[in-house]
Amino acid sequence: MVKPSTPIKKKPAPGKPAAPPQAAAAFDRILPEIEALSPDRLIAIKVDIPRAVSQVLGVLPGLLALRPAIAEHLQTHDVALLDRLETYALAAWYAHLQWLSSGGAENALKPLLAEAIPLRENLLGDAEALARRGLLDAATVAEIRAGQGHIDMANDLVALSALFSASWSAITGKTAATEEEVKRAGEIGPQLLAALGVREHGKGPGPTEAADKRARAFALLVHAYDQTRRAVSYLRWNEGDAETIAPSLYKGRGGRAASSSDTAAEPEETAPGAATPAPTDGAATHAPAAGTAPAAGAAPAVSPPGAGPQATPAAAPPSG
């Protein structure tokens, strides 16, 4: 067992996925894995993919700090899953944007912009007030404020939704922001990115193909993260901070903490032809950003999605 150390108390802020070109490059790198994945390994999508990606990237620095200990003390653990975790997360984000763009969101661009502008400003003002009181991460809020243009606006909304959702239990009753606004911001952000991508590049892959790729990329991400959580749980058992270092993707505001094997229990979205997974013990309620529409957790982008995978090297996301 790893030598005991001081428990980690500070909760990592949600991270920000890279811009669509870098996410496309990550998707391209694991495309052979996506295409080769057996249908019986697909799982129901019970969380909002952008929020899950944001969470994984937010805790990634802490996970990488444990890599030497994992390699030393868990020699049978596939540490390569941790090494590829960022790539899996960005690929899942890109596959999600491609899936959105397959629905032809261009016609919704104008009304989305009309709603997004005041919503961003209201939530950002609330976030800055909470940050001044130490209830939200000030650096993350300042980074969101720095965004400019329509693409940044979309990413600002999903980042704000992820940030509010991750700290909702601490800020509820202390802000004018409502759960409905937080959820709506998480919905608008990815939809706006997809609409901008359709305007720039035309529709993405067909709906069936895009849904299948999205489900496969999500399954790879969840498997890699789930296995990493198992390793962290072993290493940090005595310290009792494993859930802070690697929180469940399925842990909700009012629900219990899910186990280290916490994939979905009831199917919500499944790719065509995908096997329905057997129930497990991790079906917790969602945070306010989680809804049936896409939500939470994106990044400042330099170009809209919609084009095919590009060869731009993936860049490490800014720390949250």
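Owing to the predicted nature of the structure, the values given are computational and were not obtained by experimental measurement. (Residues numbered from 1 in each chain as written. Predicted model: local features only at pLDDT ≥ 70, side-chain atom pairs only at ≥ 80, totals over all residues. Heavy atoms only, no water.)

## As for the confidence of the model for the protein chain
A low pLDDT means the predicted coordinates there should not be read in detail. Mean pLDDT over the protein chain works out to 76, with 69% of the residues at or above the 70 mark. Ranking the elements of the protein chain by mean pLDDT puts helix α10 (residues 179-201) last with 81 and helix α4 (residues 80-83) first with 96. Low pLDDT, under 50, characterises residues 253-320; the predicted model gives this stretch 219 contacts beyond four residues in sequence or across chains. (pLDDT = per-residue confidence, 0-100. Helix = DSSP H or I, 4+ residues; strand = E, 2+ residues; numbered from the N terminus. Contact = heavy atoms within 4.5 Å.)

## So, the packing of helix α7 (residues 138-145) against helix α8 (residues 149-166)
Interhelical geometry of α7 versus α8 gives an angle of 160° and a closest axis separation of 10 Å. One way to sum up the angle between α7 and α8 is to call them roughly antiparallel. Pair α7 / α8 crosses with left-handed handedness. Contact with α7, carried on its side by T140, V141 and I144, involves D156, A159, L160 and L163 of α8 and no other residues of that element. Classifying every residue of the contact of α7 with α8 gives 5 nonpolar, 1 polar and 1 charged. (Axes fitted to C-alpha atoms, helices over the stretch in contact; angles between N-to-C directions. Parallel < 35°, antiparallel > 145°, perpendicular 65-115°, else oblique. Left-handed = near helix turned anticlockwise from the far one by under 90°. Nonpolar A, V, L, I, M, F, W, Y, C, P; charged D, E, K, R; others polar.)

## What to know about the nonpolar core
Counting 87 residues, the largest nonpolar core has L63, L85, F164 and L192 as its most contacted members. In contact with L192, not counting residues within four places along its chain, are L109, L112, L113, A116, H150, M153 and A154. (Core = buried A, V, L, I, M, F, W, Y, C linked by side-chain atoms within 4.5 Å. Buried < 20%, exposed > 50% of the residue type's maximum accessible area, 1.4 Å probe, protein only.)

## With respect to the environment of N122
On the secondary structure map, N122 appears in helix α6 (residues 109-132). A sequence separation of 54 residues divides N122 from A176, and the C-alpha atoms of the two residues are 9.1 Å apart.

## Looking at helix α2 (residues 49-65)
The periodicity of an α-helix, 3.6 residues per turn, causes residues three or four positions apart to be oriented the same way. Here α2 is 17 residues long and its end C-alpha atoms lie 25 Å apart, about the 24 Å a rise of 1.5 Å per residue gives. Where α2 bends most, at V59, the angle is about 45°, and the proline P61 comes one to four residues later. With 13 of its 17 residues buried, α2 lies for the most part within the structure. (Expected span 1.5 Å × (residues − 1). Bend = angle between axes of the 7 residues up to and from the residue.)

## Some remarks on the packing of aromatic side chains
Inspection of the entire model under this criterion finds 1 aromatic pair. Aromatic side chains F27 and Y94 sit 5.5 Å apart centroid to centroid with 55° between the ring planes, which places their arrangement in the tilted category. Remark: Y94 occurs in helix α5 (residues 85-101) and F27 occurs in helix α1 (residues 20-36); sequence separation between them is 67 residues. Exposure remark for Y94: the relative accessible area of 2% places this residue in the buried category. (Phe/Tyr/Trp six-rings, centres within 6.5 Å; stacked < 30°, edge-to-face > 60°.)

## Concerning α8
With 18 residues, α8 should cover 26 Å at 1.5 Å per step; its first-to-last C-alpha distance of 25 Å lies within 8% of that length. The buried count for α8 comes to 15 of 18 residues, which makes it a mostly enclosed element.

## Describing the pattern of salt bridges
Scanning the entire structure with this criterion turns up 13 salt bridges. Note that D156 is salt-bridged to R120, the shortest N-O span being 2.7 Å. Remark: R120 occurs in helix α6 and D156 occurs in helix α8; sequence separation between them is 36 residues. For the pair D156 and R120, a shared accessibility class is recorded, and that class is buried. Ionic pairing is found between E121 and R145, a salt bridge with its closest N-O pair at 3.3 Å. Of this pair, E121 sits in helix α6 while R145 sits in helix α7; the two residues are 24 residues apart in sequence, bridging distant segments of the chain. Three or more residues are tied together by salt bridges with common partners; here these are R120, E121, E128, R145 and D156. (Salt bridge = Lys/Arg side-chain N within 4 Å of Asp/Glu carboxyl O.)

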